[in-house]
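Working through the structure, step by step
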Amino acid sequence: MTRVLRQVRLGLIAVLVIVWTGLPIYHMVMLSLTPQTAAFAGRLWPDTPSLENYRLALTRGHPFLAYFWEQLLNSVLVAFATCALVLFVASTTSFALGRLRLRWAPMISNMALFTYLIPSAFLAIPLYRVMGQYKILNHPWSLILSLVAFATPYAIWVMRQYAESVPYELDESARVDGATVPQIFWHIYIPLIAPSLVAIGTYALLLAWNEYLYAFLFLSSESRLTVPVMLGHFTTSDDAPWTLMMASAVIYSLPPIALYYSVRRFMVTGLTAGSVKS
Amino acid sequence: MSNRIAAARIQTAPGRVQSDAAWGVILVIPYVVVFVFVVVYPILYGMVLGSNPDSYRKIFSDPIYLRCAWNTLVFLIVAVNLKLLLALFLSGFFYNTDTWIRWVGIVFLLPWAAPTLPAIFSIRWMFNSEWGMINNLLFRLLGIDGPLWLVKPNLAFLLVIMTHIWKFLPFWTIILLAGRMAIPKDHYEAANVDGATRLQVFRFITFPALKNLYITSTLLSTIWSVGDFNSVYLLTGGGPWDATHVLSTLGIRYAFNIGDIPTGVATVITSLPLVIPIVVVLIRRLGRGE
């Protein structure tokens, strides 16, 4: 009896969780399958569902979507550039701070973590001006550099937590065999922290792919926008075709969701490593 | 042979330390460069921009600012605590190892995996009081005209809070779940043998073990939520009648919609009396390894 009661209780929670979580996502997909003429019907499911919106989005059949492919490419470029730079910068820094026994290592670590204590929307206004001074406004570098600055401290922290499980004796014996510091980094450190590189790489890709505020502030010409900024433009006019926007939004949402779920195992263990001292 | 190696190690030890330090500097330089150019300099520049007292006179006499400061406070207190309490509760749900609960967990992670903007726009359309799905359902099922969700400031702000929770609940649930996983199982077994009730188990085993993590999470989440621009900007745009702004969106509004950058910076600086104490407490806690 108590077992049945337990299942009923858990089942009830599960239903609430699924409705709460799924409703906005379901609504997005539903709207993307709704013909534009029925956008205002407010139905639970369109009377005549069609893939017309997807066809229009992929063939850029609306002024809002004139640069859809370029913008997708921009999003891809920004995401991969951010990912590559975060992996490079964070792995060298975490190696130096964690494995070389430097006196000033704790200072750099604290300095890096300090980045997270500034609410990100706050840095946006001065950063906009500063990017203007660096003459890279409306250029992908402005976005990439900002994203690298925000993703790296976390990346360093996760990699250092992970590297604690790699025995320091490995470095020592390599040194005895005459290995140089770059050799230890490349042949011992990198292969051994590889799982955390997968988690961090994914984290950086998703962060860059999803970023809205900085992209919205820094990028201005249409062919240079990333996809979320273009989608945001749909709200600026009242007669914008929201069903079409939702179809583009679904196309834009699929890669990160697919990526997230394919490396989910690495993500959960990788990114929560060290948040709990057991 | 081993003597020679030992001798070599002793001989090269000082040189090694030096080369380690040199390599350390070289390897850290890329990050320090990014940090200086993208974090330190903009902060200092922001302080210069926000140092004009006139900007503060201007915002403190603006009724929109006062409403927005109040909103920010309500947002932080209600959204953060409700989110963490729900996360604490749901981490208990996902602690169960039944296979079907794992599948629910996979669905539950969607808001975290999906990009923010499309999801918020979807919520925005769904709650449109004239043609949205929610009011349409209310009308057809109950025959009532649904509330004017995004037209009434208080309701709109409630939806902002719900949207924020929707997006960030999975993340904090995972963190607290990881905390629960770290509690040794035999504590629970011992409690079962003693015939403890569920409430007692939570009160005497789970909560004491999670307490520090829970408090640190609340503080971190508070700081990050001060910077949550998307939940407000994409759902209501600060409207209706600028009644749902929080400091981050109002700062952007002053700086870019009105073109007054110093006032925009001043707006976000006024949150420092709230943010700095939390940061100080957090640094102490994190420094102690909690």
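Keep in mind it's a predicted model, so treat the numbers as computed, not measured. (Residues numbered from 1 in each chain as written. Chains lettered and ligands numbered in written order. Predicted model: local features only at pLDDT ≥ 70, side-chain atom pairs only at ≥ 80, totals over all residues.)

1. A closer look at the overall build of chain A
So the rule is basically this: The helix and strand labels rest on DSSP assignments: H or I over at least four residues marks a helix, E over at least two residues marks a strand, and numbering proceeds from the N terminus. Each residue is classified by how many other C-beta atoms fall within 10 Å of its C-beta atom, where C-beta atoms are placed from the backbone; a count of 20 or more means buried, 12 or fewer means exposed, and values in between mean partly exposed. In this description, a residue-residue contact is defined by the distance between C-beta atoms placed from the backbone, which must lie within 7 Å.
Along its length, chain A carries 13 helices and zero strands. Its helices and strands in sequence order give chain A the pattern α-α-α-α-α-α-α-α-α-α-α-α-α, from N to C terminus. Along the first, second and third principal axes, the C-alpha atoms of chain A reach 75 × 70 × 30 Å. Looking at chain A as a whole, 44% of its 278 residues qualify as buried. Across chain A, every contact between residues at least 6 apart in sequence was considered, and the portion connecting residues at least 24 apart equals 78%.

2. Details of the nonpolar core
This is how it is decided: Joining buried Ala, Val, Leu, Ile, Met, Phe, Trp, Tyr and Cys residues through C-beta atoms within 7 Å gives a set, and that set is a nonpolar core. Residue ranges for the domains trace back to a domain assignment, done automatically or taken from a database.
Grouped together as the largest cluster of nonpolar side chains are 155 residues, with contacts concentrated most on A:Val86, A:Ala124, A:Val148, A:Ala151, A:Ala155, A:Ile200 and B:Leu176. Per-element accounting of this core gives the leading share, 15 residues, to helix α6 (residues 140–163) of chain A. There are two domains that each give this core at least three residues, and those are domain 1 (1–49) and domain 2 (56–287) of chain B. Once you skip the residues sitting within four places of it in the chain, A:Ile200 turns out to touch A:Val86, A:Leu87, A:Ala90, A:Ala155, A:Val158 and A:Met159.

3. Points about unusual backbone geometry
Phi at A:Asn138 is positive, roughly 65 degrees, even though this residue is not glycine. For A:Asn138, a count of 15 C-beta atoms within 10 Å translates into the label partly exposed. Even without a glycine there, the phi angle at B:Asp242 is positive, about 55 degrees. When you line up the elements, B:Asp242 lands in the loop between α11 (230–233) and α12 (247–257). Judged by local crowding, B:Asp242 falls into the partly exposed class, with 19 C-beta atoms found within 10 Å.

4. Considerations on the domain arrangement of chain B
For interface size, the figure often reported is the accessible area lost on association. When its domains are assigned, chain B resolves into domain 1 (1–49) and domain 2 (56–287). Placing a centre on the C-alpha atoms of domain 1 of chain B and another on those of domain 2 of chain B gives a separation of 39 Å.

5. Here we look at the interface of chain A and chain B
Quick reminder of the rule: We call Asp, Glu, Lys and Arg charged. Ala, Val, Leu, Ile, Met, Phe, Trp, Tyr, Cys and Pro are nonpolar, and the rest, Gly among them, are polar.
Taken together, the contact pairs 68 residues of chain A with 71 residues of chain B. Among the elements that make up the side of chain A that touches chain B, the one with the highest residue count is helix α1 (residues 2–32) of chain A (12 residues). Its residues placed into classes, the side of chain A that touches chain B shows 50 nonpolar, 16 polar and two charged.

6. Examining helix α10 (residues 198–226) of chain B
To keep it simple, the criterion reads: Take the residue count of a helix, subtract one, and multiply by 1.5 Å to get its expected span. Throughout, the bend at a residue refers to the angle made by two axes, fitted to the seven residues ending there and to the seven starting there.
Helix length check: α10(B) (29 residues) gives 35 Å between terminal C-alpha atoms against 42 Å at 1.5 Å per residue, more than 12% under. At B:Phe207, α10(B) shows its strongest bend, of approximately 50 degrees, with the proline B:Pro208 following within four residues.

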